[in-house]
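Architecture and fold: a report
Each chain is listed here by its residues.
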Amino acid sequence: MPIARRSSPILRVAVLASGRGSNLQALIDAQRAGTLPVEIVLVASDKAQAPALRRAEDAGIATLALDPKSYASRAAFDADLFARVAGHEPALIVLAGFMRILDPTALAPWVGRIVNIHPSLLPKYRGLHTHRRALEAGDATHGTSVHFVDAELDGGPLLAQAEIPVLAGDTPDLLAERLLVQEHRLLVACVAEIAAGRVALVDSRVRRDGVPLGAPLRLRADGSLA
């Protein structure tokens, strides 16, 4: 289901994160700067000690931490998580380093209203250790992708990508550090396009201004997508 046209220019967003929350911080910073017309209504995590939750608290954003081990199954955890998220009435959910595979039943009502950022040029290197895998493959370029989420791991229709060159002497840590700057810029640009009503998932295809994308949008030097 695509995000409906809104009478208000402000998009209500919930963010799910498992780690440090640097992509979350990029959204918070853009919101504060007035360049991203969103209201982050909740940050939820599967880890009570996730630094992302502390970033949200510092910004005055509501937080939620649930322990997966206290649930009988992954499906039960996801059902409760998404029910609680729904209580905050977000129009969009952003997975920003949320390190869990989602149950298809819990995810289904949100398809078209949930996006993920992943540190590779999908469909390359789904899952973990993407920077090491790119280096081991001898890739000349590496990158990051934002996609609409479906039940497939790091699957779902691609919205946009950002690319960087792999440099001589790069290690996984160095490559990750350089790419993170582009991750932040790409995520903000994608959420801005969704908030503006320009990008939507319709009939399993990403459309921009009503036109199906033939390829993922690309991040330009000025931070826009083309």
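Residues numbered from 1 in each chain as written. Predicted model: local features only at pLDDT ≥ 70, side-chain atom pairs only at ≥ 80, totals over all residues. Heavy atoms only, no water.

Our focus in this paragraph is the overall build of the chain. From N to C terminus, the chain includes six helices and 11 strands. Computed over C-alpha atoms, the radius of gyration of the chain comes to 17 Å, within 12% of the 17 Å expected from 2.2 N^0.38 for 226 residues, which places it in the range of a compact globule. Taken along the three principal axes of its C-alpha coordinates, the chain extends 50 × 40 × 35 Å. Considering only residue pairs separated by 6 or more positions, the chain has 62% of its internal contacts joining residues 24 or more positions apart. The averaged location of the 24 negative side-chain charges in the chain is 3 Å from the averaged location of its 25 positive side-chain charges. (Helix = DSSP H or I, 4+ residues; strand = E, 2+ residues; numbered from the N terminus. Rg over C-alpha atoms; globule rule 2.2 N^0.38 Å. Contact = heavy atoms within 4.5 Å. Lys, Arg positive; Asp, Glu negative; His and termini not counted. Charge placed at Lys NZ, Arg CZ, Asp CG, Glu CD.)

Going through the model one piece at a time under the given rule, you end up with two aromatic pairs. Judged by centre distance (5.3 Å) and plane angle (85°), the ring pair of Tyr-71 and Phe-77 falls under edge-to-face. Look at Phe-82 and Trp-110: their rings are 6.5 Å apart centre to centre, the planes differ by 40°, and that puts the pair in the tilted class. Here Trp-110 lies in the loop between α4 (104-107) and β5 (114-118) and Phe-82 lies in helix α3 (residues 74-86), a separation of 28 residues in the sequence. Each member of the pair, Phe-82 as well as Trp-110, is classed as buried. (Phe/Tyr/Trp six-rings, centres within 6.5 Å; stacked < 30°, edge-to-face > 60°. Buried < 20%, exposed > 50% of the residue type's maximum accessible area, 1.4 Å probe, protein only.)

A word on unusual backbone geometry. Note that the residue after Leu-122, namely Pro-123, is joined by a cis bond; omega there is 15°. Looking at where Pro-123 falls in the secondary structure, it is placed in the loop between β5 and α5 (130-136). Unusually for a residue other than glycine, Asp-154 sits at a positive phi of about 50°. Among the structural elements, Asp-154 can be located in the loop between β6 (141-148) and β7 (158-165).

With respect to the helices, strands and loops of the structure, Val-85 is situated in helix α3. Val-85 sits 69 residues away from Leu-16 along the chain, and the two C-alpha atoms are 9.4 Å apart. Aside from chain neighbours lying at most four places away, what touches Val-85 is Ala-14, Leu-16, Leu-42, Pro-90 and Ile-93.

Considering all chains together, one arrives at 12 salt bridges under this definition. A salt bridge links Glu-152 to Arg-126; its shortest N-O distance comes to 2.3 Å. With Glu-152 in the loop between β6 and β7 and Arg-126 in the loop between β5 and α5, this pair connects stretches of sequence that are 26 residues apart. As a salt-bridge pair, Arg-218 and Glu-163 come within 3.2 Å of each other at their nearest N and O atoms. Note that Arg-218 is positioned in strand β11 (residues 217-218) and Glu-163 in strand β7, a separation of 55 residues in sequence. Residue class for Arg-218 comes out partly exposed when judged on its relative accessible area of 34%. Each of Glu-193, Arg-198, Arg-208 and Asp-209 takes part in salt bridges that share partners, so that together they form one network. (Salt bridge = Lys/Arg side-chain N within 4 Å of Asp/Glu carboxyl O.)

As summarised here, the arrangement of the three strands in space is β8-β9-β10, forming an open sheet in which the pairing is antiparallel. The sheet terminates laterally at β8 (199-202) and β10 (211-212), the two strands that pair on one side only. In terms of strand pairing, β8 meets strand β9 (residues 205-208) through four bridges, oriented antiparallel. Counterpart to Val-199 in the pairing with β9 is Arg-208. (Pairing = 2+ DSSP bridges.)

Spatial relationships are all this shows, so hold off on functional conclusions.
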